[in-house]
Amino acid sequence: MERTQQHRQVAHMRQSLFDQGLLDEQFVQLEELQDDANPNFVEEVVTLFYRDSARLVLNIDQALDKSPLDFSKLDSYMHQFKGSASSIGAKKVKSECTLFREYCKAGNGEGCMKTFQQLKKDYAVLRKKLETYFQMARQVGPVETACRRK
């Protein structure tokens, strides 16, 4: 009974990531690639995303400190970041990337800076919540993946 309750908690936590707009269908597609041969596939992909994207965050931070701003370089960095975020289904982060790129195209430095601050917050929130989710999921053990409500 206790184990069933824990599985429900994990499923609820997972669902809340979708309900809060943090994740999209791409995350579900990653889960579908996970199997008994690689039970931690999704967690490994997410871990690689955070490891690799840290460099991009640093590059963008440094580029935003330069004057004048190189909007072409900023847009290029953010294009890479958006692609990485899309690959794990980081919906809110991807949305901030899109907005940032629009500000780059418009030459709006202030918009870029404000959007990047929000992006970093969303990025950190998602990381913390996913770490907690994966930790709980590991403790509880495998169960059939719950389907996301439409």
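Residues numbered from 1 in each chain as written. Predicted model: local features only at pLDDT ≥ 70, side-chain atom pairs only at ≥ 80, totals over all residues. Heavy atoms only, no water.

- Looking at an unreviewed UniProt entry, one finds the protein chain named Histidine-containing phosphotransfer protein, with Vitis rotundifolia as its source organism.
- Per UniProt, the protein chain carries the Function (unreviewed entry) text "Functions as a two-component phosphorelay mediators between cytokinin sensor histidine kinases and response regulators (B-type ARRs). Plays an important role in propagating cytokinin signal transduction." (UniProt positions renumbered as here; feature names shortened; annotations may be inferred.)

With respect to the overall build of the protein chain
Thinking step 1. The helix and strand inventory of the protein chain stands at six helices and zero strands.
Thinking step 2. With respect to the principal axes defined by its C-alpha atoms, the protein chain has extents near 60 × 30 × 20 Å.
Thinking step 3. Taken across its 150 residues, the protein chain has 39% of its residues classed as buried.
Thinking step 4. Sequence-distant contacts, at least 24 apart, represent 70% of the contacts inside the protein chain between residues at least 6 apart.
Thinking step 5. For the protein chain, the exposed area adds up to about 9,000 Å²; of that, 51% sits on carbon and sulfur atoms.
Thinking step 6. Put simply, the protein chain has 23 plus and 21 minus side-chain charges, and the middle of one group is 4 Å from the middle of the other. (Helix = DSSP H or I, 4+ residues; strand = E, 2+ residues; numbered from the N terminus. Buried < 20%, exposed > 50% of the residue type's maximum accessible area, 1.4 Å probe, protein only. Contact = heavy atoms within 4.5 Å. Areas by Shrake-Rupley, 256 points an atom, 1.4 Å probe, with all protein chains shown as cover. Lys, Arg positive; Asp, Glu negative; His and termini not counted. Charge placed at Lys NZ, Arg CZ, Asp CG, Glu CD.)

Observations regarding the UniProt feature "modified residue: Phosphohistidine" (unreviewed entry) in the protein chain
Thinking step 1. Taking the numbering used here, the UniProt-annotated feature "modified residue: Phosphohistidine" (unreviewed entry) corresponds to His79.
Thinking step 2. Mapped onto the elements, His79 comes out in helix H4 (residues 71-88).

Concerning the packing of H4 against helix H5 (residues 91-106)
Thinking step 1. Contact geometry for H4 and H5: axes closest at 9 Å, N-to-C directions at 165°. Classified by the interaxial angle, the pair formed by H4 and H5 is roughly antiparallel. The handedness of the crossing between H4 and H5 comes out as left-handed. The segment H4 lies against H5, with Phe71, Leu74, Asp75, Met78, His79, Phe81, Lys82, Ala85 and Ser86 engaging Val93, Lys94, Cys97, Thr98, Phe100, Arg101, Cys104 and Lys105.
Thinking step 2. A breakdown of the residues in the contact of H4 with H5 according to their chemical character gives nine nonpolar, three polar and five charged. (Axes fitted to C-alpha atoms, helices over the stretch in contact; angles between N-to-C directions. Parallel < 35°, antiparallel > 145°, perpendicular 65-115°, else oblique. Left-handed = near helix turned anticlockwise from the far one by under 90°. Nonpolar A, V, L, I, M, F, W, Y, C, P; charged D, E, K, R; others polar.)

Quick word on the confidence of the model for the protein chain
Thinking step 1. Looking at the protein chain as a whole, the pLDDT averages 92, with 93% of positions reaching at least 70.
Thinking step 2. Within the protein chain, the lowest mean pLDDT, 90, falls on helix H1 (residues 2-19), and the highest, 98, falls on H5. (pLDDT = per-residue confidence, 0-100.)

Here we look at the nonpolar core
Thinking step 1. Counting residues in each nonpolar core, the largest one holds 40 residues, and the members touching the most others are Phe27, Phe81 and Phe100.
Thinking step 2. Contributions of two or more residues to this core are made by H1, helix H2 (25-33), helix H3 (41-65), H4, H5 and helix H6 (109-140).
Thinking step 3. Ranked by residue count, the leading element in this core is H6, at ten residues. (Core = buried A, V, L, I, M, F, W, Y, C linked by side-chain atoms within 4.5 Å.)

Focus: H5
Thinking step 1. Here H5 spans 23 Å end to end across 16 residues, near enough to the 22 Å set by a 1.5 Å rise per residue.
Thinking step 2. Turning to H5, its buried residues number three or more, namely Val93, Glu96, Cys97, Phe100, Arg101 and Cys104. Viewed end-on, H5 has its buried residues packed into an arc of 140°, placing them on one side of the element. Away from the buried face of H5 by more than 90 degrees, exposed residues Lys105 and Ala106 are located.
Thinking step 3. Tucked inside the fold, the buried residues of H5 contact H3, H4 and H6.
Thinking step 4. Of the residues one or two after H5, Gly107 is the one with positive phi, at around 70°. (Expected span 1.5 Å × (residues − 1). Arc of directions from axis to C-beta.)

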